[in-house]
Amino acid sequence: MTLLLATRERILRLREGEVESFPASDLVGEEGQPRYERLLHHLRGLGGKGAYLGLGPEFALLRLQPFPSLPGFPLEEAVLAEAERSPRFAGEELLADYLLVAPEDERRVRVLFAALPLKAARLLARLRPARIEPLPLVLWRYALGQSRAGRLLVLENLSHTVALFEGGVLQGFRYLTLPADAGNEALAEEVARSLSLFGGGGRVEEAWLLGLPTPPPVPPGLPAERVEQRVPLELGASPRLLAKELALDLRPRRRALGERLPREAQLAVFLAALFFAGGLVGKGLLESRLAGEKRRAEALRQEVALLRAQAFQPARPRGVGLEQVLKVASEKPETLWLTGLRAEEGRLSLQGKALDPYAPLLLARRLGGQVRGVREEAGSPPVYAWEVEVVKAQAR
């Protein structure tokens, strides 16, 4: 797949393992405002149809911050309101996407979100891209896919960010004040200060320095045990290019009925739709869907019980055991249920559905695991597909 990566003064095109750089000094106005019409013009000239579009910080907002994790809290509205506080997009109608990264505590969840003016997203959608997202994400996914380090630092010179991952979970990131290509002690000191801000001071196991067309030089005194410099020319052929992990997408989506209207107008639209569609039909469909999920969950429980009786050993290894997982599942709230379980050497993976996007995060905390994804599925009311992974666990 072709990758088009837009920065302040150039567009990089990566395809078939080769990278080309095209100067484009007209992408940002004199006052720093992005010029999306010019960006679309350049992308069309480079064959942007069906390509992956990565946008630098001049064009797309990217933030990581905690939000309240309370039942009934409208997280989507809160993310959009926070994005609208950015002075860069003041007065603009925005399109936003977000990802629940990890729980901060019992009342807060860490959220990674991106935003783009809606009119800009519609312009870029004319290219029918495979995905539109902020630039650092594709490089972070690449480093996570290649590294096996517990504590990983990623430094990249396309949007000049530094990010810290622990156990594959994003702990923090920031845009550097110095260019990632500075390669001096001042940059190493800024990286060390950034790690302290992320709550992970000291040296990391690995530092990955990624860039196109050349990787950043290694600054003296970089706080890392091992350093890897890469030019990720194989990004276009990487199976993680469009992976769901650590992914955001700023392509326009179809609006829900009454979306973005005043609350009074939304209520009127909802009541009219309810009258014509028929409340009993909608209720029947929802009950049928939930009943199907419960039947699949019950079949899964029976299959697990049979496998345990036939194949699992009576020894009690350390880590999260299957009985503990089933106990947590049996005590779960009504808003969460299991649909899948996979046990591998050193890893236990749970999949399921939830009516509450925060329930999987609380389940992961109780198991000592990590949430690998929470995504909303189509339907009303919304249902969230989730996956929780427990590392160094042994099923029995």
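Think of each chain on its own: its residues are numbered from 1, step by step along the sequence as written. It should be noted that, the model being predicted, local features are given only for residues of pLDDT at least 70 and side-chain atom pairs only at 80 or more, the latter also being counted only at that level, while totals for whole chains, interfaces and linings use all residues. Computation of side-chain values: all heavy atoms of the structure, hydrogens and water removed.

(A) Inspection of the overall build of the protein chain at higher detail. Only DSSP runs of H or I reaching four residues or more are called helices, and only runs of E reaching two or more are called strands; each is numbered from the N terminus. From N to C terminus, the protein chain includes 9 helices and 17 strands. The buried label goes to any residue with under 20% of its type's maximum accessible area, the exposed label to any with over 50%, and the partly exposed label to all in between, with areas taken from a 1.4 Å probe on protein chains only. When each of the 396 residues of the protein chain is scored for burial, the buried share is 45%. The contact definition used throughout considers only heavy atoms, calling two residues in contact when any of these lie within 4.5 Å. Long-range pairs, those at least 24 residues apart, make up 62% of the contacts in the protein chain between residues at least 6 apart in sequence. For the accessible areas, the method is Shrake-Rupley and the probe is 1.4 Å, while residue cover comes only from the protein chains on display. Carbon together with sulfur atoms contributes 51% to the accessible area of the protein chain, which is approximately 20300 Å² in total.

(B) Quick peek at the sheet that holds strand E11 (residues 169–175). Strand order across the open sheet formed by 5 strands is E11-E10-E9-E12-E13, with mixed pairing between neighbours. The outermost strands of the open sheet, each flanked by one partner alone, are E11 and strand E13 (224–230). Across the sheet, the mean angle from the axis of one strand to that of its neighbour is 15 degrees, orientation sign disregarded. Two strands are said to pair when DSSP picks up at least two bridges between them. Alignment of strand E12 (residues 204–210) against E13, held across 6 bridges, turns out to be parallel. In the sheet register, Leu 210 faces E13, and the bridge partner there is Arg 230. Between N-to-C directions, angles span 0 to 180 degrees; the directions come from axes that are lines fitted to C-alpha atoms, helices contributing only their stretch in contact. Contacting strand E9 (151–156), strand E10 (161–166), E11 and E12, helix H5 (residues 185–197) crosses the sheet at an angle of about 135 degrees to E9.

(C) Examining the sheet that holds strand E17 (residues 383–391) more closely. Here 4 strands make up an open sheet; going across it, the order is E14-E15-E17-E16 and the pairing antiparallel. Strands with a single pairing partner mark the edges of an open sheet, and in this sheet they are strand E14 (336–344) and strand E16 (370–377). Going across the sheet, the axis of each strand differs from the next one's by a mean of 15 degrees, ignoring polarity. As paired elements, E14 and strand E15 (residues 347–354) share 8 bridges and run antiparallel to each other. Across the sheet, the residue bridging to Leu 341 is Leu 350, located in E15. Contacting E14, E15, E16 and E17, helix H9 (residues 359–367) crosses the sheet at an angle of about 15 degrees to E17.

(D) Quick peek at the pairing of E17. Sheet topology note: the E15/E17 ladder contains 8 bridges and is antiparallel. Across the sheet, residue Leu 350 finds its bridge partner in E17, namely Val 388. Bridge count for E16 against E17 is 7 bridges, and the pairing is antiparallel. Within E17, the position partnered with Gly 373 by the bridge is Glu 387.

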